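Structural overview for review
What follows is each chain in one-letter form.
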Amino acid sequence: MNPHLKLIRDYESRNVTHLAEDGSWPIVWERAKGVHVWDTDGKKYLDLTAAFAVAATGHANPRVTKAAQAQLAKLPHAMGDVHPHPLKGQLARELSKLTFERWARTEFRHVHYRCLPHEMPPRHGKTIFCNSGFEAIEAALKTALLATNKKGIIAFEGAYHGLGYGALAATHRKHFRNPFTKQLGKFGHFASFPTTVDELAITKKELNALFKKQAIGAVLVEPIQGRAGIRIPPPEFLRVLRTLCDQHNALLICDEIYTGFGRTGKWFACEHSSFFPDLICLDKALTNGFPLSACVGRATVMDRAWPKSEGEAIHTSTFLGHPVGCAMALAQLRELKEKKLITQARHRGNQLARICKKFPIPGSRFVGKGLMSGLAFNKSEGPRVMAVVKEMLQRGFILLPAGEHGNVIAFSPAFTITEKQLERTMRALQSSFKNLKS
Ligand SMILES: Cc1ncc(COP(=O)(O)O)c(C=O)c1O
(Lines give C-alpha, C1' and ligand atoms only; values in the text may rest on other atoms or scores of the structure.)
Protein backbone atom coordinates (compact mmCIF):
# COMPACT_ATOMS: atom_id res chain seq x y z
CA MET A 1 0.00 0.00 0.00
CA ASN A 2 1.12 3.58 -0.74
CA PRO A 3 2.81 4.76 2.50
CA HIS A 4 0.77 7.99 2.56
CA LEU A 5 -2.47 6.04 2.35
CA LYS A 6 -1.20 3.70 5.06
CA LEU A 7 -0.94 6.70 7.40
CA ILE A 8 -4.47 7.79 6.45
CA ARG A 9 -5.73 4.27 7.12
CA ASP A 10 -4.05 4.08 10.50
CA TYR A 11 -4.52 7.60 11.83
CA GLU A 12 -7.47 9.34 10.15
CA SER A 13 -11.02 8.59 11.27
CA ARG A 14 -12.00 5.70 9.02
CA ASN A 15 -15.19 7.27 7.66
CA VAL A 16 -13.36 10.15 5.99
CA THR A 17 -11.30 8.76 3.10
CA HIS A 18 -12.57 5.81 1.08
CA LEU A 19 -9.64 3.46 0.52
CA ALA A 20 -10.50 0.83 -2.08
CA GLU A 21 -9.11 -2.62 -1.19
CA ASP A 22 -7.77 -3.08 -4.72
CA GLY A 23 -5.83 0.21 -4.63
CA SER A 24 -7.96 1.76 -7.41
CA TRP A 25 -8.94 4.77 -5.24
CA PRO A 26 -7.75 7.34 -4.19
CA ILE A 27 -4.54 8.89 -5.49
CA VAL A 28 -2.42 11.12 -3.24
CA TRP A 29 -2.07 14.66 -4.58
CA GLU A 30 1.45 16.09 -4.42
CA ARG A 31 1.07 19.34 -6.39
CA ALA A 32 -1.23 21.04 -8.87
CA LYS A 33 -0.96 23.77 -11.50
CA GLY A 34 -3.75 25.11 -13.71
CA VAL A 35 -5.89 22.16 -14.82
CA HIS A 36 -3.28 19.56 -13.89
CA VAL A 37 -2.51 17.57 -10.75
CA TRP A 38 0.53 15.38 -10.02
CA ASP A 39 0.36 12.50 -7.57
CA THR A 40 3.11 11.40 -5.17
CA ASP A 41 4.41 8.94 -7.81
CA GLY A 42 4.88 11.83 -10.24
CA LYS A 43 1.96 10.83 -12.50
CA LYS A 44 0.17 13.76 -14.19
CA TYR A 45 -3.64 14.05 -14.32
CA LEU A 46 -6.12 16.34 -16.06
CA ASP A 47 -8.50 17.57 -13.36
CA LEU A 48 -12.13 17.83 -14.48
CA THR A 49 -13.33 18.69 -10.96
CA ALA A 50 -11.29 21.80 -10.04
CA ALA A 51 -11.22 20.01 -6.66
CA PHE A 52 -14.94 20.31 -5.82
CA ALA A 53 -15.38 23.34 -8.13
CA VAL A 54 -13.01 25.45 -6.04
CA ALA A 55 -10.04 26.17 -8.34
CA ALA A 56 -12.05 28.11 -10.92
CA THR A 57 -9.07 30.16 -12.12
CA GLY A 58 -6.79 27.10 -12.12
CA HIS A 59 -4.87 25.37 -9.34
CA ALA A 60 -2.14 27.54 -7.81
CA ASN A 61 -3.21 30.50 -9.92
CA PRO A 62 -0.16 32.84 -9.91
CA ARG A 63 -2.07 36.02 -9.00
CA VAL A 64 -3.98 34.35 -6.17
CA THR A 65 -0.90 32.51 -4.88
CA LYS A 66 1.15 35.71 -4.84
CA ALA A 67 -1.57 37.51 -2.88
CA ALA A 68 -1.75 34.64 -0.39
CA GLN A 69 2.02 34.51 0.09
CA ALA A 70 2.31 38.26 0.60
CA GLN A 71 -0.54 38.29 3.11
CA LEU A 72 0.81 35.25 4.95
CA ALA A 73 4.15 37.01 5.40
CA LYS A 74 2.53 40.30 6.47
CA LEU A 75 -0.43 39.35 8.67
CA PRO A 76 -1.44 35.68 8.81
CA HIS A 77 -4.21 36.16 11.37
CA ALA A 78 -6.22 39.03 12.86
CA MET A 79 -9.04 39.19 15.39
CA GLY A 80 -12.24 38.17 13.60
CA ASP A 81 -15.00 40.16 15.33
CA VAL A 82 -12.72 42.36 17.47
CA HIS A 83 -9.79 44.08 15.68
CA PRO A 84 -10.32 43.74 11.90
CA HIS A 85 -7.74 43.95 9.13
CA PRO A 86 -8.21 46.22 6.06
CA LEU A 87 -9.04 43.47 3.54
CA LYS A 88 -12.22 42.30 5.29
CA GLY A 89 -14.12 45.54 4.59
CA GLN A 90 -12.69 45.68 1.05
CA LEU A 91 -13.90 42.17 0.27
CA ALA A 92 -17.32 42.81 1.81
CA ARG A 93 -17.62 45.90 -0.45
CA GLU A 94 -16.61 43.84 -3.51
CA LEU A 95 -19.20 41.19 -2.70
CA SER A 96 -21.86 43.88 -2.31
CA LYS A 97 -20.92 45.37 -5.69
CA LEU A 98 -21.04 41.99 -7.40
CA THR A 99 -24.41 41.03 -5.95
CA PHE A 100 -27.02 43.44 -4.67
CA GLU A 101 -25.52 46.57 -6.26
CA ARG A 102 -25.22 44.93 -9.69
CA TRP A 103 -28.67 43.43 -9.43
CA ALA A 104 -30.19 46.80 -8.59
CA ARG A 105 -28.78 48.44 -11.72
CA THR A 106 -30.57 49.10 -15.01
CA GLU A 107 -30.44 45.65 -16.57
CA PHE A 108 -32.48 44.30 -13.68
CA ARG A 109 -34.67 47.38 -13.11
CA HIS A 110 -37.86 45.43 -13.78
CA VAL A 111 -37.28 43.32 -10.71
CA HIS A 112 -39.30 44.29 -7.69
CA TYR A 113 -37.90 43.95 -4.25
CA ARG A 114 -40.37 44.03 -1.47
CA CYS A 115 -39.35 46.48 1.23
CA LEU A 116 -41.03 47.37 4.44
CA PRO A 117 -42.28 50.98 4.33
CA HIS A 118 -39.51 52.28 6.58
CA GLU A 119 -36.77 50.60 4.56
CA MET A 120 -34.48 52.18 1.98
CA PRO A 121 -34.42 50.44 -1.40
CA PRO A 122 -32.02 47.54 -1.04
CA ARG A 123 -29.10 48.87 -3.02
CA HIS A 124 -26.23 47.19 -1.30
CA GLY A 125 -25.25 44.06 0.57
CA LYS A 126 -23.72 43.32 3.97
CA THR A 127 -21.64 40.26 4.70
CA ILE A 128 -21.03 37.77 7.47
CA PHE A 129 -17.77 35.95 6.75
CA CYS A 130 -17.43 32.31 7.76
CA ASN A 131 -15.00 29.47 7.17
CA SER A 132 -16.83 26.79 5.20
CA GLY A 133 -19.95 26.49 3.09
CA PHE A 134 -22.19 25.00 5.73
CA GLU A 135 -21.34 27.82 8.12
CA ALA A 136 -22.44 30.42 5.55
CA ILE A 137 -25.74 28.51 5.29
CA GLU A 138 -26.10 28.53 9.06
CA ALA A 139 -25.42 32.28 9.16
CA ALA A 140 -28.24 32.68 6.61
CA LEU A 141 -30.60 30.47 8.65
CA LYS A 142 -29.91 32.55 11.76
CA THR A 143 -30.45 35.75 9.76
CA ALA A 144 -33.83 34.46 8.59
CA LEU A 145 -34.93 33.64 12.12
CA LEU A 146 -33.84 37.03 13.46
CA ALA A 147 -35.41 38.92 10.55
CA THR A 148 -38.77 37.13 10.53
CA ASN A 149 -39.05 35.49 13.96
CA LYS A 150 -40.27 32.36 12.14
CA LYS A 151 -38.27 29.18 12.60
CA GLY A 152 -39.41 27.07 9.62
CA ILE A 153 -37.19 26.64 6.57
CA ILE A 154 -38.30 25.16 3.27
CA ALA A 155 -35.59 23.34 1.36
CA PHE A 156 -35.81 20.90 -1.55
CA GLU A 157 -35.52 17.21 -2.18
CA GLY A 158 -31.98 16.41 -3.27
CA ALA A 159 -30.63 19.59 -1.64
CA TYR A 160 -27.09 19.63 -0.31
CA HIS A 161 -26.31 22.55 1.99
CA GLY A 162 -23.54 20.98 4.08
CA LEU A 163 -23.31 18.81 7.13
CA GLY A 164 -23.10 20.98 10.27
CA TYR A 165 -26.23 20.41 12.35
CA GLY A 166 -27.95 23.62 11.20
CA ALA A 167 -27.27 23.05 7.52
CA LEU A 168 -27.97 19.32 7.85
CA ALA A 169 -31.53 20.11 8.92
CA ALA A 170 -32.01 21.50 5.40
CA THR A 171 -29.88 18.90 3.58
CA HIS A 172 -32.07 16.22 2.14
CA ARG A 173 -30.12 13.04 1.57
CA LYS A 174 -30.82 10.24 4.09
CA HIS A 175 -27.24 9.00 3.87
CA PHE A 176 -26.11 12.15 5.70
CA ARG A 177 -29.14 12.68 7.96
CA ASN A 178 -30.16 9.26 9.24
CA PRO A 179 -27.17 8.52 11.51
CA PHE A 180 -27.81 11.82 13.31
CA THR A 181 -31.59 12.20 13.41
CA LYS A 182 -31.65 11.98 17.22
CA GLN A 183 -29.74 15.26 17.46
CA LEU A 184 -31.16 16.91 14.35
CA GLY A 185 -33.31 20.07 14.53
CA LYS A 186 -36.80 19.79 13.08
CA PHE A 187 -37.17 23.17 11.40
CA GLY A 188 -36.43 21.95 7.85
CA HIS A 189 -39.34 21.04 5.54
CA PHE A 190 -38.90 19.68 2.05
CA ALA A 191 -40.67 20.25 -1.25
CA SER A 192 -39.87 18.45 -4.49
CA PHE A 193 -37.24 20.07 -6.72
CA PRO A 194 -38.78 20.58 -10.18
CA THR A 195 -36.89 19.90 -13.37
CA THR A 196 -39.83 20.43 -15.73
CA VAL A 197 -42.72 22.89 -15.97
CA ASP A 198 -45.19 20.12 -15.01
CA GLU A 199 -43.16 19.29 -11.92
CA LEU A 200 -43.04 22.99 -11.05
CA ALA A 201 -46.84 23.04 -10.81
CA ILE A 202 -46.66 20.21 -8.26
CA THR A 203 -43.86 21.94 -6.32
CA LYS A 204 -45.97 25.10 -6.18
CA LYS A 205 -48.81 23.19 -4.54
CA GLU A 206 -46.45 21.63 -2.01
CA LEU A 207 -44.97 25.03 -1.20
CA ASN A 208 -48.40 26.59 -0.70
CA ALA A 209 -49.36 23.75 1.65
CA LEU A 210 -46.16 24.17 3.67
CA PHE A 211 -46.61 27.93 3.94
CA LYS A 212 -50.16 27.34 5.16
CA LYS A 213 -49.22 24.76 7.80
CA GLN A 214 -45.88 26.06 9.11
CA ALA A 215 -44.38 29.36 10.18
CA ILE A 216 -41.82 29.65 7.39
CA GLY A 217 -39.03 32.22 7.74
CA ALA A 218 -37.09 31.31 4.60
CA VAL A 219 -36.89 29.25 1.45
CA LEU A 220 -33.39 27.89 0.88
CA VAL A 221 -32.53 26.79 -2.64
CA GLU A 222 -29.65 25.89 -4.92
CA PRO A 223 -30.56 27.60 -8.23
CA ILE A 224 -29.04 24.53 -9.88
CA GLN A 225 -28.62 21.47 -7.68
CA GLY A 226 -25.00 20.32 -7.71
CA ARG A 227 -24.41 17.24 -5.62
CA ALA A 228 -27.88 15.98 -6.47
CA GLY A 229 -26.57 15.45 -10.01
CA ILE A 230 -26.61 18.82 -11.85
CA ARG A 231 -30.39 19.29 -11.76
CA ILE A 232 -31.66 22.39 -13.55
CA PRO A 233 -35.12 23.76 -12.70
CA PRO A 234 -37.36 25.50 -15.24
CA PRO A 235 -36.58 29.23 -15.65
CA GLU A 236 -39.75 30.30 -13.80
CA PHE A 237 -38.71 28.51 -10.61
CA LEU A 238 -36.98 31.44 -8.92
CA ARG A 239 -39.83 33.78 -9.87
CA VAL A 240 -42.27 31.40 -8.16
CA LEU A 241 -40.09 31.24 -5.05
CA ARG A 242 -39.58 35.03 -4.99
CA THR A 243 -43.32 35.63 -5.23
CA LEU A 244 -44.20 33.12 -2.52
CA CYS A 245 -41.54 34.51 -0.16
CA ASP A 246 -42.85 38.04 -0.73
CA GLN A 247 -46.45 36.95 -0.13
CA HIS A 248 -45.57 35.18 3.10
CA ASN A 249 -42.96 37.58 4.47
CA ALA A 250 -40.20 34.99 4.22
CA LEU A 251 -36.64 35.40 2.98
CA LEU A 252 -35.33 33.79 -0.17
CA ILE A 253 -31.85 32.32 0.37
CA CYS A 254 -29.83 31.19 -2.65
CA ASP A 255 -27.12 28.69 -1.91
CA GLU A 256 -24.60 29.59 -4.63
CA ILE A 257 -21.73 27.84 -2.92
CA TYR A 258 -21.28 25.60 -5.97
CA THR A 259 -22.77 27.80 -8.70
CA GLY A 260 -21.24 31.15 -7.66
CA PHE A 261 -18.49 33.18 -9.34
CA GLY A 262 -19.14 32.18 -12.93
CA ARG A 263 -19.43 28.42 -12.75
CA THR A 264 -22.67 28.45 -14.75
CA GLY A 265 -21.53 31.13 -17.21
CA LYS A 266 -22.93 34.09 -15.23
CA TRP A 267 -21.53 35.59 -12.05
CA PHE A 268 -24.34 33.88 -10.13
CA ALA A 269 -26.80 31.23 -11.28
CA CYS A 270 -29.83 33.25 -10.08
CA GLU A 271 -28.96 35.72 -12.86
CA HIS A 272 -30.18 33.23 -15.46
CA SER A 273 -33.66 34.10 -14.20
CA SER A 274 -33.34 37.78 -13.10
CA PHE A 275 -35.04 37.02 -9.80
CA PHE A 276 -32.83 37.63 -6.84
CA PRO A 277 -32.58 36.39 -3.28
CA ASP A 278 -32.47 38.29 0.00
CA LEU A 279 -29.42 36.31 1.09
CA ILE A 280 -26.78 34.57 -0.97
CA CYS A 281 -24.29 32.02 0.40
CA LEU A 282 -20.86 31.85 -1.22
CA ASP A 283 -17.79 29.67 -0.83
CA LYS A 284 -15.69 27.37 -3.08
CA ALA A 285 -14.52 29.56 -6.03
CA LEU A 286 -14.49 32.68 -3.82
CA THR A 287 -10.85 32.10 -2.87
CA ASN A 288 -9.70 29.41 -5.32
CA GLY A 289 -8.56 27.27 -2.39
CA PHE A 290 -8.82 28.74 1.09
CA PRO A 291 -11.59 27.96 3.59
CA LEU A 292 -13.40 31.31 3.54
CA SER A 293 -17.11 31.62 2.89
CA ALA A 294 -19.67 34.40 3.03
CA CYS A 295 -23.33 35.01 3.67
CA VAL A 296 -24.22 38.24 1.86
CA GLY A 297 -27.60 39.80 2.51
CA ARG A 298 -29.56 42.83 1.44
CA ALA A 299 -28.35 45.54 3.83
CA THR A 300 -31.90 46.28 4.95
CA VAL A 301 -32.54 42.64 5.83
CA MET A 302 -29.19 42.25 7.57
CA ASP A 303 -29.71 45.39 9.63
CA ARG A 304 -33.24 44.34 10.51
CA ALA A 305 -31.99 40.92 11.64
CA TRP A 306 -28.77 41.60 13.47
CA PRO A 307 -28.45 43.94 16.46
CA LYS A 308 -25.50 46.33 16.51
CA SER A 309 -22.60 44.71 18.34
CA GLU A 310 -22.11 46.19 21.77
CA GLY A 311 -18.83 44.33 22.24
CA GLU A 312 -19.81 40.66 22.08
CA ALA A 313 -21.02 39.41 18.67
CA ILE A 314 -23.81 36.83 18.87
CA HIS A 315 -22.45 34.96 15.84
CA THR A 316 -18.71 34.78 15.13
CA SER A 317 -15.70 32.46 15.01
CA THR A 318 -11.96 32.62 15.72
CA PHE A 319 -10.93 32.74 12.07
CA LEU A 320 -13.80 34.94 10.81
CA GLY A 321 -12.75 36.87 7.68
CA HIS A 322 -9.28 35.33 7.62
CA PRO A 323 -6.75 37.81 6.12
CA VAL A 324 -5.13 35.22 3.82
CA GLY A 325 -8.56 34.12 2.56
CA CYS A 326 -9.61 37.75 1.99
CA ALA A 327 -6.37 38.50 0.09
CA MET A 328 -6.92 35.42 -2.09
CA ALA A 329 -10.57 36.32 -2.72
CA LEU A 330 -9.73 39.89 -3.79
CA ALA A 331 -7.08 38.52 -6.18
CA GLN A 332 -9.47 35.84 -7.42
CA LEU A 333 -12.18 38.40 -8.24
CA ARG A 334 -9.65 40.54 -10.12
CA GLU A 335 -8.47 37.48 -12.05
CA LEU A 336 -12.03 36.49 -13.00
CA LYS A 337 -12.79 40.04 -14.19
CA GLU A 338 -9.56 40.95 -15.97
CA LYS A 339 -9.20 37.65 -17.82
CA LYS A 340 -12.95 37.62 -18.64
CA LEU A 341 -13.09 34.08 -17.31
CA ILE A 342 -16.83 34.05 -16.77
CA THR A 343 -17.49 34.61 -20.46
CA GLN A 344 -14.90 31.90 -21.06
CA ALA A 345 -16.74 29.49 -18.73
CA ARG A 346 -19.97 30.10 -20.67
CA HIS A 347 -18.19 29.58 -23.98
CA ARG A 348 -16.37 26.41 -22.83
CA GLY A 349 -19.64 25.08 -21.45
CA ASN A 350 -21.23 25.42 -24.89
CA GLN A 351 -18.22 23.71 -26.44
CA LEU A 352 -18.45 20.89 -23.92
CA ALA A 353 -22.12 20.34 -24.77
CA ARG A 354 -21.15 20.10 -28.48
CA ILE A 355 -18.24 17.75 -27.73
CA CYS A 356 -20.53 15.47 -25.71
CA LYS A 357 -22.78 15.24 -28.76
CA LYS A 358 -19.79 14.50 -31.00
CA PHE A 359 -18.68 11.61 -28.77
CA PRO A 360 -22.01 10.12 -27.74
CA ILE A 361 -22.12 7.61 -24.92
CA PRO A 362 -25.16 5.31 -25.15
CA GLY A 363 -27.60 5.71 -22.27
CA SER A 364 -26.28 9.14 -21.27
CA ARG A 365 -27.92 12.55 -21.33
CA PHE A 366 -25.95 15.80 -21.24
CA VAL A 367 -27.02 18.08 -18.41
CA GLY A 368 -25.65 21.43 -17.35
CA LYS A 369 -25.03 25.13 -17.74
CA GLY A 370 -21.63 26.67 -18.33
CA LEU A 371 -18.95 24.55 -16.73
CA MET A 372 -21.33 22.96 -14.23
CA SER A 373 -22.35 19.99 -16.27
CA GLY A 374 -22.38 16.25 -16.53
CA LEU A 375 -23.50 13.08 -18.24
CA ALA A 376 -26.56 11.62 -16.54
CA PHE A 377 -27.33 7.89 -16.67
CA ASN A 378 -30.21 5.82 -15.29
CA LYS A 379 -30.36 5.57 -11.52
CA SER A 380 -29.31 1.92 -11.67
CA GLU A 381 -26.06 2.84 -13.46
CA GLY A 382 -24.24 4.16 -10.37
CA PRO A 383 -21.83 1.19 -10.13
CA ARG A 384 -20.95 1.42 -13.85
CA VAL A 385 -20.36 5.17 -13.53
CA MET A 386 -18.02 4.58 -10.57
CA ALA A 387 -16.16 1.86 -12.49
CA VAL A 388 -15.64 4.30 -15.37
CA VAL A 389 -14.53 7.11 -13.03
CA LYS A 390 -11.92 4.73 -11.57
CA GLU A 391 -10.78 3.58 -14.99
CA MET A 392 -10.48 7.22 -16.09
CA LEU A 393 -8.26 7.85 -13.06
CA GLN A 394 -5.93 5.13 -14.34
CA ARG A 395 -5.92 6.92 -17.70
CA GLY A 396 -4.97 10.21 -16.03
CA PHE A 397 -8.32 12.01 -15.70
CA ILE A 398 -9.78 13.15 -12.37
CA LEU A 399 -13.59 12.95 -12.36
CA LEU A 400 -16.28 12.53 -9.70
CA PRO A 401 -19.71 10.93 -9.75
CA ALA A 402 -22.68 13.03 -8.59
CA GLY A 403 -26.31 12.36 -7.75
CA GLU A 404 -27.94 10.39 -4.95
CA HIS A 405 -27.34 7.19 -6.89
CA GLY A 406 -23.91 8.22 -8.20
CA ASN A 407 -25.34 8.01 -11.70
CA VAL A 408 -23.98 11.30 -13.09
CA ILE A 409 -20.42 11.93 -14.25
CA ALA A 410 -19.91 15.54 -13.22
CA PHE A 411 -17.67 18.10 -14.94
CA SER A 412 -16.63 21.19 -13.00
CA PRO A 413 -13.18 22.02 -14.38
CA ALA A 414 -11.22 25.25 -14.06
CA PHE A 415 -12.51 27.92 -16.47
CA THR A 416 -9.04 27.88 -18.05
CA ILE A 417 -9.48 24.39 -19.49
CA THR A 418 -9.11 24.26 -23.27
CA GLU A 419 -11.46 22.85 -25.91
CA LYS A 420 -8.78 20.29 -26.81
CA GLN A 421 -8.55 19.07 -23.22
CA LEU A 422 -12.34 18.67 -23.07
CA GLU A 423 -12.29 16.77 -26.33
CA ARG A 424 -9.49 14.51 -25.06
CA THR A 425 -11.58 13.78 -21.97
CA MET A 426 -14.67 12.83 -23.95
CA ARG A 427 -12.67 10.65 -26.31
CA ALA A 428 -11.22 8.81 -23.30
CA LEU A 429 -14.64 8.55 -21.63
CA GLN A 430 -16.17 7.03 -24.74
CA SER A 431 -13.38 4.49 -24.93
CA SER A 432 -13.62 3.74 -21.22
CA PHE A 433 -17.35 3.00 -21.46
CA LYS A 434 -16.72 0.75 -24.46
CA ASN A 435 -13.93 -1.12 -22.61
CA LEU A 436 -16.06 -1.73 -19.56
CA LYS A 437 -18.91 -3.08 -21.66
CA SER A 438 -16.79 -5.70 -23.33
C1 LIG B 1 -24.50 23.79 -2.85
C2 LIG B 1 -23.63 23.50 -1.67
N3 LIG B 1 -23.94 24.04 -0.49
C4 LIG B 1 -23.19 23.82 0.61
C5 LIG B 1 -22.07 23.03 0.56
C6 LIG B 1 -21.26 22.77 1.80
O7 LIG B 1 -20.03 23.42 1.76
P8 LIG B 1 -18.86 22.93 2.74
O9 LIG B 1 -18.50 21.54 2.33
O10 LIG B 1 -17.74 23.91 2.50
O11 LIG B 1 -19.39 23.00 4.13
C12 LIG B 1 -21.72 22.43 -0.67
C13 LIG B 1 -20.54 21.55 -0.77
O14 LIG B 1 -20.32 20.85 -1.71
C15 LIG B 1 -22.51 22.67 -1.81
O16 LIG B 1 -22.22 22.12 -3.00
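Small disclaimer: the values here were computed from a predicted structure and weren't measured. (Residues numbered from 1 in each chain as written. Predicted model: local features only at pLDDT ≥ 70, side-chain atom pairs only at ≥ 80, totals over all residues. Heavy atoms only, no water.)

**Examining the overall build of the protein chain**
- Secondary structure assignment for the protein chain yields 14 helices and 15 strands.
- Here the C-alpha atoms of the protein chain give a radius of gyration of 22 Å, agreeing with the 22 Å that 2.2 N^0.38 yields for 438 residues.
- In terms of overall dimensions, the protein chain has C-alpha extents of about 65 × 55 × 50 Å along its principal axes.
- Taken over 438 residues, the protein chain has a buried fraction of 54%. (Helix = DSSP H or I, 4+ residues; strand = E, 2+ residues; numbered from the N terminus. Rg over C-alpha atoms; globule rule 2.2 N^0.38 Å. Buried < 20%, exposed > 50% of the residue type's maximum accessible area, 1.4 Å probe, protein only.)

**A short note on the nonpolar core**
- With 90 residues, the main nonpolar core has F261, I409, F411 and L429 as its most contacted residues.
- Counting residues per element, this core draws most heavily on helix α11 (residues 323-338), which supplies nine residues.
- Viewed by domain, this core spans two of them, domain 1 (3-57 + 340-437) and domain 2 (68-338), each represented by three or more residues.
- For F411, the residues in contact, after removing those within four places along its chain, are L48, L352, C356, L371, M372, S373, G374, L375, L399, T425, M426 and L429.
- Core analysis: the second largest hydrophobic core is formed by 25 residues, A139, A140, A144 and W306 among them. (Core = buried A, V, L, I, M, F, W, Y, C linked by side-chain atoms within 4.5 Å. Domains from an automatic or database assignment. Contact = heavy atoms within 4.5 Å.)

**Describing the site of the ligand**
- Inspection of the region around the ligand gives 13 residues, with G133, F134, D255, D283 and K284 positioned closest.
- A distance of 2.8 Å separates an oxygen atom of the ligand from a polar backbone atom of G133.
- One of the side-chain N or O atoms of K284 is found 3.1 Å from an oxygen atom in the ligand.
- With the chains in place, 84% of the 390 Å² that the ligand exposes on its own is no longer accessible. (Near = heavy atom within 4 Å. Polar contact = N/O pair within 3.5 Å; in protein donor to acceptor, adjacent residues only side chain to side chain. Areas by Shrake-Rupley, 256 points an atom, 1.4 Å probe, with all protein chains shown as cover.)

**Concerning the pattern of salt bridges**
- By the definition in use, this model includes 16 salt bridges.
- Across the pair D278 and R242 runs a salt bridge whose closest N-O atoms are separated by 3.0 Å. Here R242 lies in helix α9 (residues 237-247) and D278 lies in the loop between β8 (251-255) and β9 (279-282), a separation of 36 residues in the sequence.
- Between E423 and R427 there is a salt bridge, with its nearest N and O atoms 3.2 Å apart. Separated by four residues within a single helix, E423 and R427 lie in helix α14 (residues 419-437), roughly one turn from each other.
- Where salt bridges share partners, they join R63, E335, E338 and K339 into one cluster. (Salt bridge = Lys/Arg side-chain N within 4 Å of Asp/Glu carboxyl O.)

**Here's the deal with the domain arrangement of the protein chain**
- Assigned domains within the protein chain: domain 1 (3-57 + 340-437) and domain 2 (68-338).
- Put simply, the middle of domain 1 and the middle of domain 2, counted by C-alpha atoms, are 27 Å apart.
- The interface is formed by 28 residues belonging to domain 1 together with 28 residues belonging to domain 2.
- Summing the contributions of domain 1 and of domain 2, the shared interface buries around 2,300 Å²; its carbon and sulfur component is 63%.
- The largest share of the area that domain 1 buries against domain 2 comes from I342, K369 and M372, three residues that together contribute 31% of it. (Buried area = accessible area lost by both parts, 1.4 Å probe.)

**Remarks on the sheet that holds β8**
- If you walk across this open sheet you meet the seven strands as β4-β10-β9-β8-β7-β5-β6, and the pairing is mixed. Of all the strands in the sheet, just β4 (125-130) and β6 (188-191) have a single pairing partner and so form its edges. Geometrically, the sheet is characterised by an average inter-axis angle of 20 degrees between neighbouring strands, direction not taken into account.
- Taken together, the four bridges between strand β7 (residues 216-221) and β8 define a ladder with parallel strand orientation. In the strand pairing of β8, V219 is matched with L252.
- Most of the contacts of helix α4 (residues 86-104) go to β4, to which it runs at about 130 degrees, and overall it touches β4, β9 and β10 (293-298). (Pairing = 2+ DSSP bridges. Axes fitted to C-alpha atoms, helices over the stretch in contact; angles between N-to-C directions.)

**So, α9**
- Summarising burial for α9: eight of the eleven residues are buried, a large majority.
- Those residues of α9 that fall on the buried side of the exposure criterion are F237, L238, V240, L241, R242, L244, C245 and D246.
- Among the structural elements, β5 (152-156), α8 (197-213), β7 and β8 are those in contact with the buried residues of α9.

**Some remarks on the packing of aromatic side chains**
- If you walk through the whole model with that rule in mind, you get eleven aromatic pairs.
- Taken together, a centroid distance of 6.2 Å and an interplanar angle of 80 degrees make the contact between F156 and F193 edge-to-face. Here the residue F156 occupies a position in strand β5, and F193 occupies one in the loop between β6 and α8, the gap between them amounting to 37 residues. The two residues F156 and F193 agree in class, both being buried.
- Aromatic ring contacts, followed pair by pair, group F100, W103, F261, W267, F268 and F276 into a single cluster.
- Stacked on the ring of W38, the Lys or Arg R31 has its end atom at 4.0 Å from the ring centre.
- Positioned over the ring face of Y160 is R227, at 4.3 Å from the centre of the ring. (Phe/Tyr/Trp six-rings, centres within 6.5 Å; stacked < 30°, edge-to-face > 60°. Lys NZ or Arg CZ within 6 Å of the ring centre and 35° of its normal.)

**Some remarks on unusual backbone geometry**
- Backbone torsion omega between W25 and P26 reads -5 degrees, so that peptide bond is classified as cis.
- Residue placement: P26 occurs in the loop between α1 (3-11) and β1 (29-33).
- The phi dihedral of N149 falls on the positive side, at around 60 degrees, and the residue is not glycine.
- When you line up the elements, N149 lands in the loop between α5 (133-148) and β5.
- A positive phi angle, near 35 degrees, is found at K284, a position not held by glycine.
- Within the fold, K284 resides in the loop between β9 and β10.

**Some remarks on the packing of α8 against α9**
- Viewed as axis vectors pointing N to C, α8 and α9 meet at an angle of 15 degrees, and their least axial separation amounts to 11 Å. Judged by the inter-axis angle, α8 sits roughly parallel to α9. At the point where α8 passes α9, the crossing takes the right-handed sense. Contacts from L200, T203, K204, L207, N208 and F211 of α8 reach α9 at F237, V240, L241 and L244. (Parallel < 35°, antiparallel > 145°, perpendicular 65-115°, else oblique. Left-handed = near helix turned anticlockwise from the far one by under 90°.)

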